[in-house]
Amino acid sequence: MSGAAGCQGGGGGGDDDRGPRWRRPWKLLALGLLSASSVLAAAPGAGAMSKEEKRQLGNQVLEMFDHAYSNYMEHAYPADELMPLTCRGRVRGQEPSRGDVDDALGKFSLTLIDTLDTLVVLNKTKEFEEAVKKVIKDVNLDNDIVVSVFETNIRVLGGLLGGHSVAIMLKEKGEYMQWYNDELLHMAKELGYKLLPAFNTTSGLPYPRVNLKFGIRHPEARTGTETDTCTACAGTLILEFAALSRFTGTSVFEEYARKALDFIWEKRQRSSNLVGVTINIHTGDWVRKDSGVGAGIDSYYEYLLKAYVLLGDDSFLERFNTHYNAIMRYISQPPLLLDVHIHKPMLNARTWMDSLLAFFPGLQVLKGDIRPAIETHEMLYQVIKKHNFLPEAFTTDFRVHWAQHPLRPEFAESTYFLYKATGDPYYLEVGKTLIENLNKYARVPCGFAAMKDVRTGSHEDRMDSFFLAEMFKYLYLLFADKEDMIFDIEDYIFTTEAHLLPLWLSTTNQTIAKKNTTTEYTELDDSNFDWTCPNTQILFPNDPMFAQSIREPLKNVVDKSCPRGISRAEESLGSGPKPPLRARDFMASNPEHLEILKKMGVSLIHLKDGRVQLVQHAVQAASSLDAEDGLRFMQEMIELSSQQQKEQQLPPRAVQIVSHPFFGRVVLTAGPAQFGMDLSKHKAGTRGFVATIKPYNGCSEITNPEAVKEKIALMQRGHCMFAEKARNIQKAGAIGGIVIDDNEGSSSDTAPLFQMAGDGKNTDDITIPMLFLFNKEGNIILDAIREYEAVEVLLSDKAKDRATIFKGKMIPNYIIDSNLEMENMDQKLPENDSHRQNSEEATSAFQDVGEVSEEPEEERSDVADPDSLAPVNADSDSISISNQDSYVPEPDEASAPEPTCTQGDNQPQVQKTETESNSKVNWDNKVQPMESILADWNEDIEAFEMMEKDEL
């Protein structure tokens, strides 16, 4: 076990002559623990994979790597990346922009640099030597191009340092790289200096982008105006920058990286000890205040722990432990990891998870917290078995949220770490599944193609550099035995891009004195924090069924309707009593939840208006502890209600039919988009004839661009992201878009307003307006097209009066007078009511968005269900809370006002006045068959027809 059992507080056995006394045991933590196979594999019934099968799978990984690498070198080099569907290189500026994704490309042969140390791990030393010579000869780092500081650091600087690390190792062995004279290190230092201008901020946080040639301030830099960066972007520098300082003796790099980490730590939310996703680089204010372990934050936590391993500074471990305690308290809901608000961490910030959090089980293994690592990994594996790959994002009920999969390696990384920690052959089978899926679904003649949609199996012309840098490295190490390696992998630590940095750097060129700058730590009640490295004899009982016993309850988690209920049923595993029910988890349709409510003294009452009311009687609780849980549950409901009332939503928009024979009298309630043209800032709106696109879902290139050009495109909801539809129709020349709901019978008069969200990427390239119509409203336009062919509409922030629409035309006086009358009424109404008033005058009503009618005597408020925090859900629940107490009443206080909580069946409930009810009836009457509408407007039609004849 290499001294692992006695590892305490930085002391203990080990005598590596290139590191401190405790460095040798730290190999255990650095690379996923020493293999526990000596503990587990010998036990009977472990079901170990045969040595021959492991060897065959390792050889298969080598063949797959050769297929990807050789195609890159043949078809793409010296380009940054391979486009495997078209068998050519991706050169920035020569291909259509993909937004922020392209910031990783700097015309520096990215894939080759990122792959250098992978070649050595896979025993391809001759190919490595040739690759290093190509990098030295061909790569230019002085390009006039703006790149991501984060991506360039982890991929290029990390790749050069990893290549240098294994190059000097091979040179010392005396067979290869005898000519090598630190050329890669010189290039790394050059690149480090090119990244330093990005740190020219008062906070010490780097700008997110830098020009390799001109830096930040230069007039030709074309960057330096950004104000925000992600936490991971600023907090994932310390390993590479410190290694560069230790290798070269130039301390400035490590100093800048430490300053950035110090600033983030000081800006953490002090009550929750969480950090947000995005921070202002000048002021330190949190821009995005949601917190999780996935995209935007992930590697910040990883680098705190690994910086302690590599640099031996206790402050990094203390910071990590503080954050980890907060993560496990608020974000971890095994097997789920859900984002929360940093100021109100009991509230979920979203109801889906992104695939980047798949690294976290591996980090938990390094931490030594094995049970939640096994649980989350198993949940992710079940998602993979359902979709073949891990979608970019998926919901808490395991539906696809974002369907792409760019061949990310994080799950393979955690699989490797869990196998090293447990020795459980189950994880070899998981690796085998990954190999089979890659070959079956992603392999193409020129490499491996990313999945555009895991549901359909469609490909994207993309093979990112991290696929070669990380995926094959972890898969090969998973199946390799120690004798298969030409060096000891445990002498190195992995960066977030899986580049290798030697552990002996901890005692080399220590130009910065270690000091504990961490202040105000929270006392943490967690015995794991007494360890600075895990002890396999303590962590993993000498039982080959240990990991299986944790996985078993999660085998069918993806197919269950309520996975969180399953995850809580851990009593049989000896994990103690079930945690109390959280308000964010509550579902009125879940029998187990209703039983828990009853135990807490909370009863459920069905009201005549269809809502469900929750009332707590503390004296009816099973125990005083259950009563406290019940009050806590109700308090969370109040907090949830308050938070959701503050959720900012865009107001509804209008689609107004202005062509013959409607002439602006039909106004349809439309949902806005969180991307594209902001119609509230373009008062004139966008006007044009509508055209149905082919394919109707708009998820691929439009095949009838001649029919769509300069028109407003109609398309069906579903099959891809809204932003993808917008880009496709914009490319075809459309001036706007209307997405029609594919849910038969849906209508704005029965469902909450729908807002179309982006795809998680930069959507600044979308410049046209996009609106959403429910099925009933959309059919009005489709019916009009069938009857009149040419249908012209106006997309605007609110309905326009007909005098404005037909400005310059002869319009009957009675129409103009009625519109002037309507304008006068609008001026008397508050702004948030004017939308509704206008639409009623124009024969269609807008839905209220998050509007609450409060009754002070009942202290009532209504909010959407936690699941509806994500944009729109036609069947989202609503919760209403009233008269909440904050203490457990004694039995003699039973007559005191009791906390109540009301939940609606299908949609947010609003206390309606008689006027609102009447307007609802008016709307129902106004949505009539086309023939009836035309009959009512016969006189207007004749008048406008006469006007048109006069003009002709």
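Because the structure is a prediction, the values reported are computed rather than measured. (Residues numbered from 1 in each chain as written. Predicted model: local features only at pLDDT ≥ 70, side-chain atom pairs only at ≥ 80, totals over all residues. Heavy atoms only, no water.)

Re the overall build of the protein chain
Helix and strand counts for the protein chain stand at 31 helices and 32 strands. Of the roughly 37300 Å² of accessible surface on the protein chain, 48% is carried by carbon and sulfur atoms. (Helix = DSSP H or I, 4+ residues; strand = E, 2+ residues; numbered from the N terminus. Areas by Shrake-Rupley, 256 points an atom, 1.4 Å probe, with all protein chains shown as cover.)

Some points on the pairing of strand S28 (residues 770–773)
By the alternation rule, side chains of S28 split into Met770 and Phe772 and Leu771 and Leu773, which are all buried. Across four bridges, strand S27 (residues 736–740) lies against S28 in parallel orientation. Along S28, the bridge assignment pairs Val739 with Phe772. (Buried < 20%, exposed > 50% of the residue type's maximum accessible area, 1.4 Å probe, protein only. Pairing = 2+ DSSP bridges.)

Structural notes on the sheet that holds strand S5 (residues 228–230)
As summarised here, the arrangement of the three strands in space is S5-S6-S7, forming an open sheet in which the pairing is antiparallel. Every other strand in the sheet has two partners, leaving S5 and strand S7 (286–288) as the edge strands with one partner each. When strand polarity is set aside, the average angle formed by the axes of neighbouring strands in this sheet is 35°. One ladder, built from two bridges, connects strand S6 (residues 278–280) with S7; its direction is antiparallel. The partner of Thr278 across the bridge, within S7, is Arg288. (Axes fitted to C-alpha atoms, helices over the stretch in contact; angles between N-to-C directions.)

Re the state of the cysteines
A full pass over the atoms with the stated rule returns three disulfides. Sulfur-sulfur distance for the disulfide between Cys87 and Cys446 comes to 1.9 Å. Torsion about the S-S bond of the Cys87 and Cys446 cystine: about 95°, corresponding to right-handed handedness. On the criterion of sequence distance, the pair formed by Cys87 in the loop between strand S1 (81–83) and strand S2 (88–90) and Cys446 in the loop between strand S15 (443–444) and strand S16 (447–448) is long-range, its members being 359 residues apart. Residue Cys446 is classed as buried on the basis of its relative accessible area of 6%. Two residues, Cys699 and Cys720, share a disulfide whose sulfurs are 2.1 Å apart. On the S-S bond that ties Cys699 to Cys720, the torsion sits near -85°, and the link is left-handed. One end of the pair, Cys699, is in the loop between strand S25 (686–692) and helix H23 (705–708); the other, Cys720, is in the loop between strand S26 (712–716) and helix H24 (722–731), and 21 residues separate them in sequence. (Disulfide = S-S within 2.5 Å.)

Let's talk about the sheet that holds strand S13 (residues 393–395)
Strand order in this open sheet of three strands is S12-S13-S14, and the pairing throughout is antiparallel. A strand with exactly one partner marks an edge of an open sheet, and here the two such strands are strand S12 (352–354) and strand S14 (400–402). Along the sheet, successive strands turn relative to each other by an average axial angle of 30°, direction set aside. Pairing between S12 and S13: three bridges, direction antiparallel. Residue Met353 lies in a different strand from S13, and its bridge partner there is Phe394.

What to know about the pattern of salt bridges
Applying the stated criterion across every chain, the model contains 41 salt bridges. In this structure, Lys213 engages Asp142 in a salt bridge whose closest nitrogen and oxygen atoms are separated by 3.3 Å. Taken together, the positions of Lys213 in the loop between strand S4 (209–211) and S5 and Asp142 in the loop between helix H5 (125–138) and strand S3 (146–148) put the pair 71 residues apart, joining distant regions of the chain. The exposure class of Lys213 is partly exposed, given its relative accessible area of 40%. Judged by relative accessible area, Asp142 falls into the partly exposed class, the value being 29%. Across the pair Arg687 and Glu792 runs a salt bridge whose closest N-O atoms are separated by 3.1 Å. (Salt bridge = Lys/Arg side-chain N within 4 Å of Asp/Glu carboxyl O.)

As for unusual backbone geometry
The omega torsion across Tyr77 and Pro78 is 10°, close enough to zero to call that bond cis. Here Pro78 lies in the loop between helix H3 (51–75) and S1. Cis rather than trans, the peptide bond between His660 and Pro661 has omega equal to 5°. As for its position among the elements, Pro661 is in the loop between strand S23 (653–657) and strand S24 (666–670). Even without being a glycine, Glu710 presents a positive backbone phi close to 60°. Note on placement: Glu710 falls in the loop between H23 and S26. Residue classification places Glu710 among the exposed residues on the basis of a relative accessible area of 53%. Phi at His719 takes a positive value of approximately 80°, unusual for a residue other than glycine. The exposure class assigned to His719 is exposed, which follows from its relative accessible area of 54%.

Focus on the confidence of the model for the protein chain
The share of residues in the protein chain with pLDDT of 70 or more is 71%, and the mean pLDDT across the chain is 78. A low-confidence stretch, residues 1–46 stays under pLDDT 50, and its non-local contacts, those more than four residues away or across chains, total 111 contacts. In this model residues 810–928 is a low-confidence stretch, pLDDT under 50, and it forms 267 contacts with partners more than four residues away in sequence or in other chains. (pLDDT = per-residue confidence, 0-100. Contact = heavy atoms within 4.5 Å.)

Some remarks on the packing of aromatic side chains
On inspection of all chains with the given rule, the structure shows 31 aromatic pairs. With centroids separated by 5.5 Å and ring planes inclined at 85°, the aromatic side chains of Phe487 and Tyr492 adopt a geometry described as edge-to-face. Each member of the pair, Phe487 as well as Tyr492, is classed as buried. Clustering of aromatic rings is evident, with ring pairs tying together Phe65, Tyr69, Phe448, Phe467 and Phe472. The ring of Trp352 has Arg350 lying over it, and the distance from NZ or CZ to the ring centre is 3.8 Å. The ring of Tyr426 carries Arg551 above its face, with NZ or CZ at 3.6 Å from the centroid. (Phe/Tyr/Trp six-rings, centres within 6.5 Å; stacked < 30°, edge-to-face > 60°. Lys NZ or Arg CZ within 6 Å of the ring centre and 35° of its normal.)

A closer look at the environment of Gly718
Within the secondary structure, Gly718 sits in the loop between S26 and H24. Taking the C-alpha atoms as reference points, Gly718 and Asp742, 24 residues apart in sequence, are found 7.3 Å from one another. If we ignore the near neighbours within four places in the chain, the residues touching Gly718 are Asn697, Cys699, Lys725 and Asp742.

With respect to the packing of helix H6 (residues 149–173) against helix H9 (residues 238–248)
Running from N to C, H6 and H9 point in directions that differ by 40°, and their axes come no closer than 10 Å. With respect to H9, the axis of H6 lies oblique. The handedness of the crossing between H6 and H9 comes out as left-handed. Every residue of H9 that contacts H6 at Asn153, Ile154, Leu157, Gly158, Leu161, His164, Ser165 and Ile168 is listed here: Glu240, Phe241, Ala243, Leu244 and Phe247. (Parallel < 35°, antiparallel > 145°, perpendicular 65-115°, else oblique. Left-handed = near helix turned anticlockwise from the far one by under 90°.)

Considerations on the side chain of Lys124
By secondary structure assignment, the location of Lys124 is in the loop between helix H4 (110–121) and H5. When neighbours within four sequence positions are excluded, Lys124 is seen to be in contact with Leu62, Phe65, Asp66 and Leu119.

Some thoughts on the pairing of strand S29 (residues 792–796)
By the criterion of burial, S29 is predominantly enclosed, with five of the five residues buried. Two strands pair when backbone bridges link them, and S23 and S29 are joined in this way by four bridges, in the antiparallel orientation. By the bridge assignment for S29, Ile657 is matched with Val793. Here four bridges tie S25 to S29, and the two strands are oriented antiparallel to one another.

Examining helix H15 (residues 410–422)
Taking 1.5 Å of rise per residue, the 13 residues of H15 would be expected to cover 18 Å, and the 18 Å separating its terminal C-alpha atoms lies within 8% of that figure. The element H15 is largely enclosed, with a buried count of 13 among its 13 residues. The positive-phi residue at the C-terminal boundary of H15 is Gly423, with phi of around 65°. (Expected span 1.5 Å × (residues − 1).)

Section: the environment of Gly158
You can see Gly158 is positioned in helix H6. For the pair Gly158 and His499, spaced 341 residues apart in the sequence, the C-alpha separation amounts to 6.1 Å. If we skip the residues at most four places from it in the chain, Gly158 touches Asn153, Glu240 and His499.

As for the nonpolar core
Judged by nonpolar contacts, the single largest core of 180 residues is most densely connected at Phe128, Leu438, Phe448 and Phe472. A per-element tally of this core places H6 first, with 12 residues. Among all residues touching Phe472, those that are not within four sequence positions of it are Val61, Met64, Phe65, Ala68, Leu122, Phe448 and Phe467. Membership of the second largest hydrophobic core comes to 22 residues, among which are Ile702, Ala723, Ala751 and Met756. (Core = buried A, V, L, I, M, F, W, Y, C linked by side-chain atoms within 4.5 Å.)

Describing helix H16 (residues 426–442)
Under the 1.5 Å per step criterion, the end-to-end length of H16 is 24 Å for 17 residues, consistent within 8% with the ideal 24 Å. Looking only at H16, the buried set comprises Tyr426, Tyr427, Leu428, Val430, Gly431, Thr433, Leu434, Ile435, Asn437, Leu438 and Ala442.

Describing the packing of helix H13 (residues 360–367) against H15
The geometry of H13 relative to H15 is characterised by a closest axis approach of 7 Å and an angle of 30° between their N-to-C directions. Here H13 lies roughly parallel to H15, going by the angle between them. Seen along the crossing, H13 lies across H15 with a hand that is left-handed. For the pair formed by H13 and H15, the contact residues are Phe360, Pro361, Gly362, Val365 and Leu366 on the first element and Ser414, Phe417, Leu418 and Ala421 on the second. Of the residues belonging to the contact of H13 with H15, the class tally is seven nonpolar, two polar and no charged. (Nonpolar A, V, L, I, M, F, W, Y, C, P; charged D, E, K, R; others polar.)

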